Structures are given as structure tokens and as C-alpha cells.
Amino acid sequence: MLTVVLSGLRDRWASFLGGFVALALGVGLLTTMGLGLSATSHAPERPPQRFASSPVVVQGQDRLTLDVRRGPGTAPVEQRLDRPQPVDGRVLRALRARWTVTTSGGPDAVGVDAPAAEVRALVGDRARVLTGDARAQADPDPERDARALVGLGALLGTAGGVTTFVSVFVVASTFAFAVALRRREFGLLRTAGATPAQIRRLLLTEAAVLGTLASAAGCALGALGGPLLARTLVDGGLAPAWFTIGAPSWPSWPFHAAFWTGVAVALAGSAAASRRAGKVGPTAALREADVDTDVLPLGRAVLGTGLLLAGIGLLAWTCATDPSALLKRKTYTTLPMLLITGVALLSPLLVRPAARLARSRGAVGTLVRENSAAAVRRTAAVAAPVLVTVALAGSLFGSAASVTRAKEAESREQTAAEYVVSGEDLRPVTAPPGALLSPTGATSVFVRDGDSAVVKYGARAVADPAAFAELARLPVTAGDLRDLDDTSIVVNEEFERHRVGETVEVWRADGSGPVRLRVVAVLALGTGDNGPYVTRANAPGAGVDRIDARGGGAATARALEASGGTAPARVGHGTREARLGMALVLGIALVYTVIALANTLLMATSVRGGELASLRLAGATRAQILRVVTGEATLAVVIGALLGLAVTAVVLGTLGAALATLSAPVALVLPWGTVGAAAAVCGTVAVAASAVPAWRLTR
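Residues numbered from 1 in each chain as written. Predicted model: local features only at pLDDT ≥ 70, side-chain atom pairs only at ≥ 80, totals over all residues. Heavy atoms only, no water.

A. Highlighting the overall build of the chain. The number of helices and strands found in the chain is 21 helices and 15 strands. Expressed along its principal axes, the backbone C-alpha trace of the chain runs to roughly 100 × 60 × 50 Å. When each of the 699 residues of the chain is scored for burial, the buried share is 48%. In the chain, the proportion of contacts linking residues at least 24 apart, taken out of those at least 6 apart, comes to 79%. Per element, the accessible surface of the chain, about 31,400 Å² overall, is 60% carbon and sulfur. (Helix = DSSP H or I, 4+ residues; strand = E, 2+ residues; numbered from the N terminus. Buried < 20%, exposed > 50% of the residue type's maximum accessible area, 1.4 Å probe, protein only. Contact = heavy atoms within 4.5 Å. Areas by Shrake-Rupley, 256 points an atom, 1.4 Å probe, with all protein chains shown as cover.)

B. Structural context of helix α10 (residues 298-321). Its 24 residues give α10 an end-to-end C-alpha distance of 33 Å, which sits within 8% of 34 Å, the value for a rise of 1.5 Å per residue. Buried within α10 are the following residues: Ala301, Gly304, Leu307, Gly311, Leu315, Thr318 and Cys319. Elements that come into contact with the buried residues of α10 comprise α12 (336-345) and α20 (622-661). (Expected span 1.5 Å × (residues − 1).)

C. Main features of a negative patch on the surface. A cluster of acidic side chains, namely Asp322, Asp449, Asp451, Glu494 and Glu496, defines a negative patch on the protein surface. Tracing the sequence through the fold places Asp322 in the loop between α10 and α11 (329-334). (Patch = residues over 30% accessible without salt bridge, like charges linked within 9 Å, V, L, I, M, F, W, Y side chains within 5 Å. Salt bridge = Lys/Arg side-chain N within 4 Å of Asp/Glu carboxyl O. Lys, Arg positive; Asp, Glu negative; His and termini not counted. Charge placed at Lys NZ, Arg CZ, Asp CG, Glu CD.)

D. Representation of the pattern of salt bridges in the model. Taken as a whole and judged by the stated rule, the model has 15 salt bridges. Of the charged contacts in the structure, one is a salt bridge between Asp108 and Arg50, with a shortest N-O distance of 3.0 Å. One end of the pair, Asp108, is in the loop between β4 (100-103) and β5 (109-113); the other, Arg50, is in the loop between α2 (13-39) and β1 (56-59), and 58 residues separate them in sequence. In terms of burial, Asp108 and Arg50 fall into one category: buried.

E. Geometry of helix α21 (residues 672-697). With 26 residues, α21 should reach 38 Å at 1.5 Å per residue; the first-to-last C-alpha distance of 37 Å fits that figure. Looking at α21, one finds that the buried residues are Val675, Ala678, Cys682, Gly683, Val685, Ala686, Ala689, Ser690, Pro693 and Ala694.

F. Quick peek at the pairing of strand β2 (residues 63-70). Pairing of β2 with strand β3 (residues 73-80), which is carried by eight bridges, proceeds in the antiparallel orientation. Among the inter-strand pairings, Arg63 is bridged to a residue of β3, identified as Arg80. With antiparallel pairing between neighbouring strands as the criterion, β2 and β3 make up a hairpin whose turn holds two residues, including Gly71 at a positive phi of roughly 65°. (Pairing = 2+ DSSP bridges.)

G. Main features of the sheet that holds β5. Spatially, the four strands line up as an open sheet ordered β4-β5-β1-β6, and their pairing is antiparallel. Each edge of the sheet is formed by a strand with only one pairing partner; in this case those strands are β4 and β6 (128-131). Taking each pair of neighbouring strands and ignoring which way they run, the sheet shows an average axis angle of 30°. Sheet strands in contact with helix α3 (residues 89-98) are β1, β4 and β5, and its direction is about 130° off that of β4. Together, β1, β5 and β6 form the strand contacts of helix α4 (residues 116-123), whose direction differs from that of β6 by roughly 170°. (Axes fitted to C-alpha atoms, helices over the stretch in contact; angles between N-to-C directions.)

H. Representation of empty space enclosed by the protein within the structure. For the structure on display, the rule yields five cavities of 30 Å³ or more. The space that makes up the largest cavity amounts to roughly 90 Å³. Ser372, Arg378, Thr379, Val382, Leu601, Thr605, Arg608, Val629, Glu632, Ala633, Ala636 and Ser690 are the residues that line the largest cavity. Per-element tally for the lining of the largest cavity: the top contributor is α20, with four residues. Residue composition of the lining of the largest cavity, by class: five nonpolar, four polar and three charged. Here the second largest cavity is characterised by a volume of approximately 60 Å³. If you trace the second largest cavity, you find it lined by Leu315, Leu326, Thr331, Tyr332, Leu335, Pro336, Ser399, Val651, Thr654 and Leu655. Mapped onto the lining of the second largest cavity, the elements with two or more residues apiece are α11 and α20. Sorting elements by how many residues they give to the lining of the second largest cavity places α20 first, with three residues. The residue inventory of the lining of the second largest cavity, partitioned by class, reads seven nonpolar, three polar and no charged. (1 Å grid on protein atoms, 1.4 Å probe; cavity = no way out; pocket = protein on both sides within 12 Å on 5 of 7 lines; lining within 4 Å. Points joined across faces, edges and corners; volume = space filled by probe spheres on them. Nonpolar A, V, L, I, M, F, W, Y, C, P; charged D, E, K, R; others polar.)

I. Layout of the packing of aromatic side chains. One pass over the structure, following the stated rule, counts three aromatic pairs. Ring centres of Tyr457 and Phe495 lie 4.2 Å apart, and the angle between their planes is 20°; on these two criteria the pair is classed as stacked. With a gap of 38 residues between them, Tyr457 in strand β9 (residues 453-462) and Phe495 in the loop between β11 (488-492) and β12 (503-507) connect regions that are remote in the sequence. Taking the relative accessible area as the measure of exposure, Tyr457 reaches 11% and is therefore buried. Residue Phe495 is classed as buried on the basis of its relative accessible area, which comes to 2%. Relative to Tyr533, the ring of Phe468 has its centre 5.0 Å away and its plane inclined at 35°; by these criteria the two rings are tilted. Of this pair, Phe468 sits in helix α16 (residues 465-471) while Tyr533 sits in strand β14 (residues 533-535), placing them 65 residues apart in sequence. The class of Phe468 is buried, set by a relative accessible area of 5%. (Phe/Tyr/Trp six-rings, centres within 6.5 Å; stacked < 30°, edge-to-face > 60°.)

J. Highlighting the environment of Leu643. With respect to the helices and strands, the residue Leu643 is situated in helix α20. Since its relative accessible area comes to 16%, Leu643 is described here as buried. The sequence separation of Leu643 and Ala344 amounts to 299 residues, and the corresponding C-alpha distance is 8.6 Å. Ignoring any residue separated from it by four or fewer positions in sequence, one finds Leu643 in contact with Val343, Leu350 and Leu387.

K. The packing of α12 against helix α13 (residues 347-356), seen in detail. At a minimum axis separation of 5 Å, α12 and α13 run at an interaxial angle of 60°. As judged from the angle between their axes, α12 and α13 are oblique. Across the interface between the two elements, Val343, Ala344 and Leu345 of α12 pack against Ser347, Pro348 and Leu350 of α13. In terms of residue class, the contact of α12 with α13 is built from five nonpolar, one polar and no charged. (Parallel < 35°, antiparallel > 145°, perpendicular 65-115°, else oblique.)

L. Geometry of the nonpolar core. In this structure, Val166, Leu233, Phe243, Leu392 and Val647 are the most contacted members of the largest nonpolar core, which totals 91 residues. Ranked by size, the runner-up nonpolar core spans 17 residues in total, among them Tyr457, Val491, Val519 and Val534. (Core = buried A, V, L, I, M, F, W, Y, C linked by side-chain atoms within 4.5 Å.)

M. How the structure looks around the confidence of the model for the chain. Per-chain confidence: the chain averages 82 in pLDDT, with 91% of residues scoring 70 or above. Mean pLDDT in the chain bottoms out at helix α9 (residues 282-286), which sits at 55, and peaks at β14, which reaches 95. (pLDDT = per-residue confidence, 0-100.)

N. Representation of the pairing of β1 in the model. Of the two faces of β1, the one holding Val56 and Val58 and the one holding Val57 and Gln59 are both buried throughout. Across four bridges, β1 lies against β6 in antiparallel orientation. Among the inter-strand pairings, Val58 is bridged to a residue of β6, identified as Val129. Sheet analysis places β1 next to β5, joined by four bridges and oriented antiparallel. For Val56, the partnering residue across the bridge sits in β5 and is Val112.

Right, dumping it as C-alpha cells:
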């Protein structure tokens with residue numbers, strides 16, 4: 001068996017080239033993403049900077065610790081504070097009485113030149129005692145490195161998931177189409193006495209050999225691509241400058257995971273095709289007509305319908321139960337996968353009626369329409385990868401642009417100000433005559449969610465409640481913003497207690513509390529930035545990062561310029577980093593689509609020598625034959641693009657329903673430029689891959 005397989009691979013290497021390249025590329029990308037994920041598992045050990053010369057650092061408490069219900073008892077949970085608390089005054093006096101104490105940059109920490117054990121005995125649980133590399137926790141923003149890796153890990157994980165999804169889809173489609181083209185060969189083998197089990201073993205062995213070779217090549221590509229990925233991410237601003245891939249000792253798990261995934265994908269992709277090949281009878285294969293029949297087996301129809309219904313159901317269920325989740329990149333990247341796969345599996349059912357709708361005058365147009373409708377497998381094999389790419393382009397970029405547009409519209413609607421400036425720690429501004437200024441800043445509040453959890457909410461600290469109520473146009477569902485004072489709070493509908501007049505127990509950003517604040521207004525959730533709001537009295541340490549102003553004319557504009565802030569800028573389809581991340585995901589899908597299109601059309605056109613010769617004998621010119629072949633490829637690409645747009649419409653429609661449920665502005669955007677560019681690349685590759693072998697066959 002192995003000798004037959006190796007001989008077949010050697011003789012028909014061209015037909016296996018596309019599957020080999022797709023699988024090797026997929027394994028290479030998975031290896032690279034795995035190495036990247038491994039590199040994001042821990043931030044670099046940075047030496048302490050603020051107290052580098054002090055052997056011991058005493059830091060005020062930087063965590064809020066509360067007991068919550070865990071089963072029949074309770075257990076402590078911790079939430080990190082925005083800023084550590086100042087070192088207790090009595091502790092500080094005791095330290096200074098015995099040792100040399102160094103202060104630097106604020107009251108939250110001091111350096112102590114003393115033995116660590118003695119300092120711990122003196123301090124007890126009234127403050128934290130840091131030694132060694134842990135002293136870096138007293139530096140400004142000690143979590144910046146770990147925080148930088150969180151988004152990067154999510155991006156690489158999403159890219160790895162898309163890689164796996166598209167590679168499985170492309171490899172399975174390639175094997176299925178290659179098997180369909182070899183039905184006459186299988187018929188001859190059956191005539192020579194081969195059993196269905198032997199046919200299946202032949203195909204599975206081919207897949208195992210191809211998968212092993214491609215996976216090994218992919219692992220080598222991944223090792224080369226790791227450092228390149230790191231440089232690309234750093235240059236694009238997606239990773240911090242210190243991020244690298246390619247340490248002296250790489251972890252082995254990315255190579256193992258990618259290699260065995262590649263082998264499994266090859267075997268899984270050929271399994272379904274091998275079952276169908278085993279059912280081919282000798283005479284049925286030898287007297288087969290050119291019109292495809294039984295193009296949608298029962299198993300594929302059931303699986304496709306199930307995935308389609310599951311995709312629509314998950315979108316609808318998420319919209320009904322947690323609409324805010326549809327606004328997150330991770331959700332609108334992964335949820336459409338089921339929908340895309342379902343439509344792709346059912347594409348043979350949709351291709352024939354779609355091709356029949358094409359109307360074109362003349363013999364060439366008629367041949368294009370009828371050939372596309374008759375050769376359903378070929379048309380569907382071309383349309384399916386185009387569907388994946390167009391649907392991903394429309395869903396990813398359309399959802400991101402729609403969410404950004406909704407946030408911008410919501411931000412504009414939520415203020416009656418003529419001027420708005422923002423920035424870190426704005427300088428104080430004196431209101432010119434006739435001007436109304438409302439400074440606010442970022443803070444946080446901690447609230448119990450039932451008995452089993454403590455939730456940290458990002459909040460806004462209001463400096464002038466009267467001016468805030470005058471200028472704010474928030475989506476208030478109950479209550480009145482004018483009632484906000486030092487004993488009250490404005491909450492959103494996400495709070496467990498969100499009825500006007502109820503009392504909410506909160507802990508402030510520095511861990512002080514609890515304080516009981518009365519709910520005076522309730523806001524709709526919107527796109528996620530609505531509330532809560534408290535006064536500065538309940539936001540210790542909060543600065544000012546936004547000033548809304550109205551009136552005062554040019555004097556107000558000059559005063560706001562002196563604050564050091566900038567006017568809010570339009571961000572288009574999201575931040576630059578988010579756009580680069582989506583471009584990475586879309587680029588992976590587009591590369592696979594190009595491979596699938598080129599491989600499918602090269603194989604399909606290369607076996608049409610007899611058909612094209614018959615057209616020449618019937619009087620068709622060489623140019624007419626080329627127009628027929630390229631027209632069929634173009635029609636298949638158009639059908640795939642239309643199916644992809646249909647999937648995009650469902651995804652964006654669900655997103656619009658979610659925005660409406662959240663009382664946010666519905667501003668849906670279909671990225672025609674991105675979708676058009678993806679479809680144009682697919683069309684160009686399809687025309688070239690069909691024209692080249694047709695030109696050779698008609699020489």
C-alpha cells in the first residue's frame with residue numbers, strides 16, 4: 001500500500017501541491033502563534049527603579065480584600081486598587097525611629113535600609129514589605145508589562161483560531177475536490193478488484209504521508225517566522241518594544257501542538273472524501289456524465305444545516321441575553337465562524353440556482369452559465385473560500401467600524417458642550433465670564449455583586465455636579481442627574497441595585513469604605529461607557545482628564561487650550577492597533593483563499609482538455625474558450641462574494657439589534673473598500689489560475 005501511495009504522490013505531485021502548501025502554511029502559522037503565545041505568558045523581570053538603592057520597600061496597601069460566600073463558608077477575594085494607599089503614619093514614624101527611611105515620588109511607599117525580617121515584624125499587616133525584584137511593584141504603573149501582554153495574547157489566540165478554522169476548511173475542500181476529480185481512477189481500481197476499504201485506506205495513507213511531510217515543513221517555517229512576527233508586532237505598535245520571540249531554548253509544546261494538529265487536519269480532511277470514494281462503483285465511475293449529481297450528501301447537508309442554525313441561534317441568543325458581548329472584538333471574530341462554515345457546507349445547494357440567475361447574451365454567456373450550473377462541485381469549490389474571505393472581511397471590519405461609529409455618535413449625543421478637551425491630568429482652568437465648565441476624571445468603585453463576588457466598575461468623578469447636570473445628555477432611564485451630590489451615585493442598569501432611591505454600598509478607588517450612596521439616576525448600558533458617576537468626594541486621588549464647556553466664546557477656547565488637553569479625534573474603524581490586528585487575521589484568510597483558488601482551478605482546468613478540444617471542433621476560437629473558462633471562474637467568485645455579503649448582513653444586522661437593545665445609536669458600516677479589495681484579489685487569482693492551463697490546453 002505504501003509503495004502505491006508514494007508512487008501516486010510522485011506521479012500526481014501537482015494535484016497535491018495546493019494541499020501541501022496550505023497545510024504547511026497552516027502548521028507554520030500555528031507554530032508561530034504558539035511561540036508568540038508562549039512569549040506572552042510572562043512579562044520580563046524588570047529591576048526596581050524607584051527604590052533601587054533600598055534593600056526593603058514598605059508600601060501602603062494596594063489591594064482591597066473582602067470576604068465573599070464560597071459554598072457553606074466564606075473566602076477572601078482581592079481587587080487591585082487604582083493607587084496604593086499612603087503608608088500608615090504610625091508605621092512611618094516607627095520606621096524612622098529605628099532606621100534610615102527614603103521617600104521618593106509620593107506617600108504610597110518608602111525605602112528602608114534595614115533587615116527585611118525586622119521590618120516585617122514591625123509592620124505586620126498594616127502595609128506590604130517588598131524585597132528583591134518585588135520592589136519594582138512600587139514603581140509607577142507596575143502592571144504595564146503584564147497589561148501589554150493581555151491584548152497581545154488575545155490577538156494571537158484569535159489569529160491562531162482563525163488559522164485553524166481556515167486551514168481545516170481549505171484542506172478539507174482541497175481533498176474533497178481532488179477525490180471528486182479522481183472518480184474515474186477509483187472506478188478503474190474497483191474494476192481491477194480493489195475493495196471499498198482498500199480505496200479508503202489508500203486515501204487515508206496519502207493524507208497521512210502528505211500531512212506528516214507538510215507538518216514537518218510547517219514547523220520549520222514556524223521557527224523562522226517567530227522572530228519575524230515579533231518584529232512585525234513591535235513595529236506595528238501591537239507589542240511593547242521589549243517583546244521578542246526566539247529565546248535560546250524555545251518551548252516544545254507549540255511545535256508538538258502544530259505538528260499533530262496538521263496531521264489530524266489532513267486525516268480529518270480526507271476522511272469524509274475517502275468514505276465517498278469507497279462508495280464509487282466500477283461502472284458508475286466509468287460511464288459518468290459531466291453533470292455533477294449527488295453534490296450534497298445527507299451527512300454534509302445535516303452538518304451544514306446544523307452549523308447554520310447553531311450560528312444564527314448563538315447570535316440571536318447572545319443578542320437577547322448579553323447584547324454588550326456582541327460589541328467585543330473576540331465575540332464578533334469567533335461567533336460568525338459557525339455561520340460561515342454552515343453556508344460554505346451548503347454552498348453546492350446554493351450554487352446552481354445562483355448560476356442560473358446569471359444572464360448574458362451570446363454563446364459565451366450561455367456556456368458560462370450552463371457550465372457553472374452543471375459543474376456544481378467546481379463552482380462550489382471556488383465560491384466557498386471566497387465566501388470565507390468576504391464574510392470575514394465584512395464581519396470583522398464592519399463590526400469594528402460599526403461599534404466605533406456607535407461610540408462616536410453616542411459620545412456626541414451625550415454632551416451639550418460646545419468644546420470638549422481630554423488628556424492625562426489636565427491643568428486647572430478658570431471659567432471665563434459667561435462660560436460653563438464641567439471637569440471630570442476617571443476613577444473606580446468596588447461593589448458587591450450578591451454574596452459571591454466583588455466587581456470593580458470604571459467610574460467618572462464629577463467636580464461640579466450642577467455644571468455636569470447642565471451639560472450632560474446621558475441616556476437616563478430613571479431619576480435625575482441634578483440630584484447627584486456627595487451622598488449619592490448615578491449607576492447603570494448593570495448594577496445589581498439600580499432603582500432610584502435604593503442604597504448601594506461601595507468602596508472607593510483607594511479602598512476606603514464601605515460608604516452607602518443613594519441611587520439618584522439610572523443610565524442605559526449603551527456601548528459600555530455609561531456610568532457610574534460619583535462626586536470628587538467619593539473619588540480620592542482622581543485627576544481631571546476631560547473638560548466639557550459651553551459659552552464664553554473665544555476666551556473659553558483659549559482657556560481650554562491652556563489646560564494641555566486636545567480635542568477628541570475621530571478614530572475611524574477603531575484604534576491603529578485594532579486595525580492592524582484585524583488586518584493580520586484577514587491576511588491569513590486571504591492567503592489561504594488564494595492557495596485554495598489557485599489549486600482548485602489549476603486542477604479543474606487541467607482535466608478539461610477533452611471538453612475544450614470539443615469546443616474547438618465545434619467552431620469556438622481560442623479567445624472564446626478563454627473567455628468561457630475565465631467567465632466561469634469569475635461567476636464562481638461573484639457567487640462566493642454574494643454569499644459572504646449575506647453572512648455579513650446577518651452579523652451586522654444582529655449587531656444593530658444589540659445596539660438598539662442597549663439604547664445606543666445604531667450606525668452600521670459595511671466596509672465596501674475592504675470587501676471589494678478582498679473580492680478583487682480573489683477574482684484576479686481565479687482568472688489567472690483558470691486562464692493559464694486553458695491557454696496551455698488550447699495551444
